[in-house]
Amino acid sequence: MPWNFLLNLAGWKFAPALAAGCTVVLKPASETPLTALLFAEIAQAAGIPPGAFNVVAGDGRTAGAALVKHPGVDKIAFTGSTAVGQGIMREAATTLKRVTLELGGKSPNIVFADADVAAAVRGAQTAIFYGKGEVCAAGSRLLVERKIHDQVVEQLAARAKKLVPGDPFDKTTRLGAVVSKRQQQTVLGYIEKGKAEGATLAAGGKSATVNGKGYFVEATVFDGVTPEMTIAREEIFGPVLAVLAFDDLEEGIRLANQSMYGLAAGIWTRDISKAHQVARAIKAGTVWVNTYNLYDSAAPFGGYKASGFGRDLGREALDGYLETKTVWIGL
């Protein structure tokens, strides 16, 4: 499991596995093991049989690699980076393990000129700054039809500047700390690349502390981004938004699909026919229309392309933990 949404994402994996009758070994991210260990205690207290639900803490190179290589493990369900997912897939081939992968994303959030601009701006803010951008489905590429581009950027930058980093334990905080110093440096490195490659910094762009502590990054908005820029292509996993302009529907779709990833996408328009047309054309596992970051346990979630394959949630989540057997009986 990754270090964001610790118990939530873990539940996406172990719940269908247990429901299908499997035993489970949960390997949490090395940065965040305590939630999984506490849940194991709760599971034991709740009466889950010994050995049915197990937690092994450790780093990916030892504990994670051992699970992937072990011949007694039949299935690997992984959420994390595309690079690590590729490595898991290669190693799993030696024992012919089943693999489902929910990997990276660079999700497009498309705002058409006929959209409710105020709603779209609020949605764009939620799409990228919720969870400090440490969200696999974050709407990190905002594609805005040129007719309303300046208006959207101005409003969004103003909202970003009001998102002041705060103590995560404070209920009023809307922008907490990123997970670690290393992740903070990674995000700040992308911000520097954005500036060096010619994007315009409309808001944020700096590190911050709260009471002299914490690894915070300001809510950052880049305008004037072009598809070849690093911040438009690579997953940053932080509160950094890249805004690109487009002129018509066809260009918007082309830009949306101009990515190695295909996890999620957003569409903002008052034209429901256009929404369906664009949703069909976008190569992504989840498409939100006039909203963003909604999830339901009955709605499958997963990616296309380098965002992986297989589905969490919904009835489809059970498929990865089941075998089909045909039995013939002659009388």
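Values in this document were obtained by computation on a predicted structure and should not be read as measured data.

## Some points on the overall build of the protein chain
Piece 1. Assigned secondary structure in the protein chain consists of eleven helices and 16 strands.
Piece 2. A compact globule built from 331 residues would reach a C-alpha radius of gyration of about 20 Å, and the protein chain, at 21 Å, matches this within 12%.
Piece 3. Reported as C-alpha extents along the three principal axes, the dimensions of the protein chain are approximately 70 × 55 × 35 Å.
Piece 4. Within the protein chain, the fraction of its 331 residues that count as buried is 50%.
Piece 5. By sequence separation, contacts in the protein chain at least 24 residues apart represent 67% of the contacts at least 6 residues apart.
Piece 6. Charge centroids of the protein chain, computed over 35 positive and 31 negative side chains, lie 3 Å from each other.

## Describing unusual backbone geometry
As a rule of thumb, non-glycine residues mostly have phi less than zero, and peptide bonds are mostly trans rather than cis.
Piece 1. For Lys132, which is not glycine, the phi torsion reads 60 degrees and is therefore positive.
Piece 2. Mapped onto the elements, Lys132 comes out in the loop between helix H5 (117-129) and strand S6 (141-145).

## Structural notes on the nonpolar core
As a rule of thumb, soluble globular proteins bury nonpolar side chains together.
Piece 1. Ranked by size, the top nonpolar core spans 28 residues in total, and within it Ile110, Val225, Ile231, Val278 and Ile282 carry the most contacts.
Piece 2. Every element with two or more residues in this core is listed here: helix H7 (181-196), helix H8 (230-233), strand S11 (240-246), helix H9 (249-257) and strand S13 (264-268).
Piece 3. With sequence-adjacent residues up to four places away left out, Val278 is seen in contact with Ile110, Phe112, Leu249, Ile253 and Ile267.
Piece 4. Core analysis: the next-biggest nonpolar cluster, separate from the first, contains 27 residues, Ala138, Ile148, Val221 and Leu241 among them.

## So, the sheet that holds strand S4 (residues 98-102)
Piece 1. Strands sit in the order S3-S4-S16 across an open sheet of three strands; the sheet is mixed. If you trace the sheet from one side to the other, it starts and ends with strand S3 (75-79) and strand S16 (308-309), each paired once.
Piece 2. Across five bridges, S3 lies against S4 in parallel orientation. Pairing of Thr79 across the sheet is with Glu102, part of S4.

## Topic: a nonpolar patch on the surface
Piece 1. On the surface, Val327, Ile329 and Leu331 cluster together to form a nonpolar patch covering roughly 440 Å² of accessible area.
Piece 2. With respect to the helices, strands and loops of the structure, Ile329 is situated in the segment after helix H11 (316-319).

## Describing the sheet that holds strand S14 (residues 286-289)
Piece 1. Taken in spatial order, the seven strands of this open sheet run S7-S10-S11-S6-S5-S13-S14, and their pairing is mixed. With partners counted over all chains shown, the strands left at the sheet margins are strand S7 (200-203) and S14, one partner each. Going from strand to strand, the sheet's axes swing by 25 degrees on average, the running direction of each strand aside.
Piece 2. Relative to S11, S6 is paired through five bridges, and the arrangement is parallel.

## Here we look at the pairing of S4
Piece 1. Most of S4 is tucked away: four of the five residues are buried.
Piece 2. Bridging between S4 and S16 involves two bridges; their strand directions are antiparallel. Residue pairing across strands places Glu102 opposite Gly308, the latter belonging to S16.

## Some details on the side chain of Lys27
Piece 1. Structurally, Lys27 can be placed in the loop between strand S1 (24-26) and helix H2 (34-46).
Piece 2. Among buried charged residues, Lys27 stands out as having no salt bridge; its nearest opposite-charge side chain is Asp59, 6.6 Å away.
Piece 3. Other than its neighbours up to four places away in sequence, Lys27 contacts Met1, Val56, Gly58, Asp59, Gly60, Ala63, Gly64 and Leu67.

## Side note on the packing of aromatic side chains
Piece 1. Counted under the stated rule, the structure contains eleven aromatic pairs.
Piece 2. Pairing Tyr295 with Phe301 gives two aromatic rings, centres 5.5 Å apart and planes at 65 degrees, and the pair type is edge-to-face.
Piece 3. Three or more aromatic residues link up through ring pairs in this structure, and these residues are Trp12, Trp288, Tyr292, Tyr295 and Phe301.
Piece 4. Over the ring of Tyr321 we find Lys75; its NZ or CZ atom is 3.8 Å from the centre of that ring.

## Considering the pattern of salt bridges
Piece 1. Here the structure, examined in full by the defined rule, presents eight salt bridges.
Piece 2. With a shortest N-O distance of 3.1 Å, Glu134 and Lys132 are connected by a salt bridge.
Piece 3. Taking relative accessible area as the criterion, Glu134 reaches 3% and is therefore assigned buried.

## With respect to the pairing of strand S10 (residues 220-223)
Piece 1. Burial along S10 is two-sided: the residues Thr220 and Phe222 and Val221 and Asp223 are all buried.
Piece 2. As paired elements, S7 and S10 share three bridges and run antiparallel to each other. Bridging across to S10, Ala203 finds its partner in Val221.
Piece 3. Bridge count for S10 against S11 is three bridges, and the pairing is parallel. Opposite Thr220, over in S11, you have Val240 as the bridge partner.

## Focus: helix H3 (residues 60-69)
Piece 1. Buried within H3 we find Ala63, Gly64, Leu67 and Val68. Viewed end-on, H3 has its buried residues packed into an arc of 135 degrees, placing them on one side of the element.
Piece 2. Tucked into the core, H3 has its buried residues touching S1, S3 and helix H4 (82-92).
Piece 3. Backbone nitrogen of Arg61 and a side-chain oxygen of the N-cap are separated by 3.2 Å at the start of H3; the cap is Asp59.

The rules behind these values
Residues numbered from 1 in each chain as written. Predicted model: local features only at pLDDT ≥ 70, side-chain atom pairs only at ≥ 80, totals over all residues. Heavy atoms only, no water. Helix = DSSP H or I, 4+ residues; strand = E, 2+ residues; numbered from the N terminus. Rg over C-alpha atoms; globule rule 2.2 N^0.38 Å. Buried < 20%, exposed > 50% of the residue type's maximum accessible area, 1.4 Å probe, protein only. Contact = heavy atoms within 4.5 Å. Lys, Arg positive; Asp, Glu negative; His and termini not counted. Charge placed at Lys NZ, Arg CZ, Asp CG, Glu CD. Core = buried A, V, L, I, M, F, W, Y, C linked by side-chain atoms within 4.5 Å. Pairing = 2+ DSSP bridges. Patch = residues over 30% accessible without salt bridge, like charges linked within 9 Å, V, L, I, M, F, W, Y side chains within 5 Å. Areas by Shrake-Rupley, 256 points an atom, 1.4 Å probe, with all protein chains shown as cover. Salt bridge = Lys/Arg side-chain N within 4 Å of Asp/Glu carboxyl O. Axes fitted to C-alpha atoms, helices over the stretch in contact; angles between N-to-C directions. Phe/Tyr/Trp six-rings, centres within 6.5 Å; stacked < 30°, edge-to-face > 60°. Lys NZ or Arg CZ within 6 Å of the ring centre and 35° of its normal. Arc of directions from axis to C-beta. Polar contact = N/O pair within 3.5 Å; in protein donor to acceptor, adjacent residues only side chain to side chain.

Taken by themselves, the reported measurements are silent on function.
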